[in-house]
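# Coordinate inspection notes
As a plain string of letters, each chain reads:
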Amino acid sequence: MTNTDSSSMKSVVVYLEFDQDLQDLTGTSRVPVEVTDGTPFFMLLQAILDSYPAIIHRYDLSILGFSVNGSRPNPHATLSAHDVISLGLHKENTGFNGFKDEIYH
């Protein structure tokens, strides 16, 4: 039996929040999500779309926007404890419903 570094597998809680349109569809505004510290953002995004398939059934992915802690995640963004991931729909002339300009697509 080998020793493993338990800190590399530490679970943390991040928060997923939806704009008003997605709240109406998912039935929730904000939900805590347990992930492993350092989980890639895009891995969580895939899990969200798998968990809430109605999003991709109703809306084209090209209008889905997101942010991590109010900023555009870079391609290598990873998640840490208490991060806030915001998802919303971009609508012409109105921006994002409930998140103003803090969501990117």
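Because the structure is a prediction, the values reported are computed rather than measured. (Residues numbered from 1 in each chain as written. Predicted model: local features only at pLDDT ≥ 70, side-chain atom pairs only at ≥ 80, totals over all residues. Heavy atoms only, no water.)

The subject of this paragraph is the packing of aromatic side chains. Within the structure shown, the criterion is met by four aromatic pairs. A centroid spacing of 5.2 Å and a plane angle of 75° characterise the contact between Phe-18 and Tyr-52, whose relative ring orientation is edge-to-face. Here Tyr-52 lies in the loop between helix H2 (41-51) and helix H3 (53-58) and Phe-18 lies in strand E1 (residues 11-18), a separation of 34 residues in the sequence. Centroid distance Phe-42 to Phe-66: 6.1 Å. Interplanar angle 85°. Geometry classified as edge-to-face. Highlighted residues: Phe-42 in helix H2 and Phe-66 in strand E3 (residues 64-68), separated in sequence by 24 residues. The exposure class of Phe-42 is partly exposed, given its relative accessible area of 39%. By relative accessible area, Phe-66 is classed as buried at 15%. (Phe/Tyr/Trp six-rings, centres within 6.5 Å; stacked < 30°, edge-to-face > 60°. Helix = DSSP H or I, 4+ residues; strand = E, 2+ residues; numbered from the N terminus. Buried < 20%, exposed > 50% of the residue type's maximum accessible area, 1.4 Å probe, protein only.)

Further remarks concern H2. Taken residue by residue, H2 has Phe-41, Leu-44, Leu-45, Ile-48 and Leu-49 as its buried positions. Looking straight down H2, one finds that the buried residues subtend no more than 140° of arc, so they occupy a single side. The exposed residues of H2 that point more than 90 degrees off its buried face are Met-43, Asp-50 and Ser-51. Here the buried face of H2 lies against E1, strand E2 (30-36), H3, E3 and strand E4 (84-91). (Arc of directions from axis to C-beta. Contact = heavy atoms within 4.5 Å.)

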